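Descriptive structure summary
Here's the letter readout for the chains.
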Amino acid sequence: QVQLVESGGGLVQAGGSLRLSCAASGSIFSINAMGWFRQDPGKEREFVAHILWSGGMEYYSDSVKGRFTISRDNAKNTVYLQMNSLKPEDTAVYYCAAAIFTPNPTPEPVEYNYWGQGTQVTVSS
């Protein structure tokens, strides 16, 4: 079992920045990759970024590439999502997720096995 707890969401003006954190606990050794997703009410969950737990390889959706950066601190079992140049369309609930069965998961939610409770990010125009 892996437990994930997100923090760092909030309200920010367009053009501003936020940093989300995701603290992992439990069976950390089983994690292959950590990802961030987001979801607006009535919409499907959308991939944002992921990072391999061991090698640090990163992958981003086109909508956030160049603005968001995912990173990890293995000593703290924590993954971060630095979000810069935020836009109103970035408004959503952001979830972190852990993949334990797939070594290098695709950006599909089904490939992630554990999820945090989500943190709200609201970007005002």
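First things first, this report covers the structure right here in the doc. (Residues numbered from 1 in each chain as written. Predicted model: local features only at pLDDT ≥ 70, side-chain atom pairs only at ≥ 80, totals over all residues. Heavy atoms only, no water.)

1. Some words on the pattern of salt bridges
What counts here: The term salt bridge refers to a side-chain nitrogen of Lys or Arg lying within 4 Å of a carboxyl oxygen of Asp or Glu. Numbering of helices and strands runs from the N terminus; a helix is a DSSP stretch of H or I covering at least four residues, while a strand is a stretch of E covering at least two.
Across all of its chains, the model carries 5 salt bridges by this definition. Across the pair Arg 67 and Asp 90 runs a salt bridge whose closest N-O atoms are separated by 2.8 Å. Within this pair, whereas Arg 67 is found in the loop between strand 6 (58-60) and strand 7 (68-73), its partner Asp 90 is found in the loop between strand 8 (78-83) and strand 9 (92-99), the two being separated by 23 residues in sequence. One network of salt bridges, in which partners are shared, links Arg 38, Glu 46, Arg 67 and Asp 90.

2. Describing the nonpolar core
What counts here: In this text, buried Ala, Val, Leu, Ile, Met, Phe, Trp, Tyr and Cys residues form a nonpolar core when linked through side-chain atoms within 4.5 Å. Using a 1.4 Å probe on the protein chains alone, a residue whose accessible area is under 20% of its type maximum counts as buried, one over 50% counts as exposed, and one in between counts as partly exposed. Here, two residues are considered to be in contact whenever any of their heavy atoms come within 4.5 Å of each other.
In this structure, Leu 4, Ile 31, Met 34, Trp 36, Leu 81, Met 83 and Tyr 94 are the most contacted members of the largest nonpolar core, which totals 31 residues. When contributions to this core are tallied by element, the ones reaching two or more residues are strand 1 (2-7), strand 3 (18-26), strand 4 (33-39), strand 5 (46-52), strand 7, strand 8, strand 9 and strand 11 (119-124). Discounting residues that sit within four places of it in the chain, Ile 31 has contacts with Val 2, Ala 24, Trp 53, Ala 98, Ala 99 and Ile 100. Counting 7 residues, the second largest nonpolar core, distinct from the first, contains Ala 33, Phe 47, Leu 52 and Ala 99.

3. Examining the packing of aromatic side chains
Rule in force here: Classification of ring pairs rests on two measures: the distance between centres of Phe, Tyr or Trp rings, Trp counted by its six-membered ring, which must be within 6.5 Å, and the angle between planes, read as stacked under 30 degrees, edge-to-face over 60 and tilted in between.
Scanning all chains against the criterion turns up 5 aromatic pairs. An angle of 80° between the planes, with centres 5.6 Å apart, marks the rings of Phe 37 and Phe 47 as edge-to-face. Pair noted here: Phe 37 is in strand 4 and Phe 47 is in strand 5, with a separation of 10 residues, a long-range link. On the basis of relative accessibility, which here comes to 8%, the residue Phe 47 falls in the buried class. Ring centres 5.7 Å apart and planes at 35° place the aromatic pair Phe 47 and Tyr 59 in the tilted group. Of this pair, Phe 47 sits in strand 5 while Tyr 59 sits in strand 6; the two residues are 12 residues apart in sequence, bridging distant segments of the chain. Ring pairs connect the aromatic residues Phe 37, Phe 47, Tyr 59, Tyr 112 and Trp 115, which therefore count as one cluster.

4. Some words on the side chain of Arg 67
For clarity, the cut-off: Think of a polar contact as two N or O atoms within 3.5 Å of one another; within protein, one of them needs to be a possible hydrogen donor and the other a possible acceptor, and neighboring residues in sequence only count if both atoms come from side chains.
Residue class for Arg 67 comes out buried when judged on its relative accessible area of 11%. A polar side-chain atom of Arg 67 sits 3.0 Å from the main-chain carbonyl oxygen of Ser 85. If we ignore the near neighbours within four places in the chain, the residues touching Arg 67 are Gln 82, Met 83, Asn 84, Ser 85, Leu 86, Lys 87 and Asp 90.

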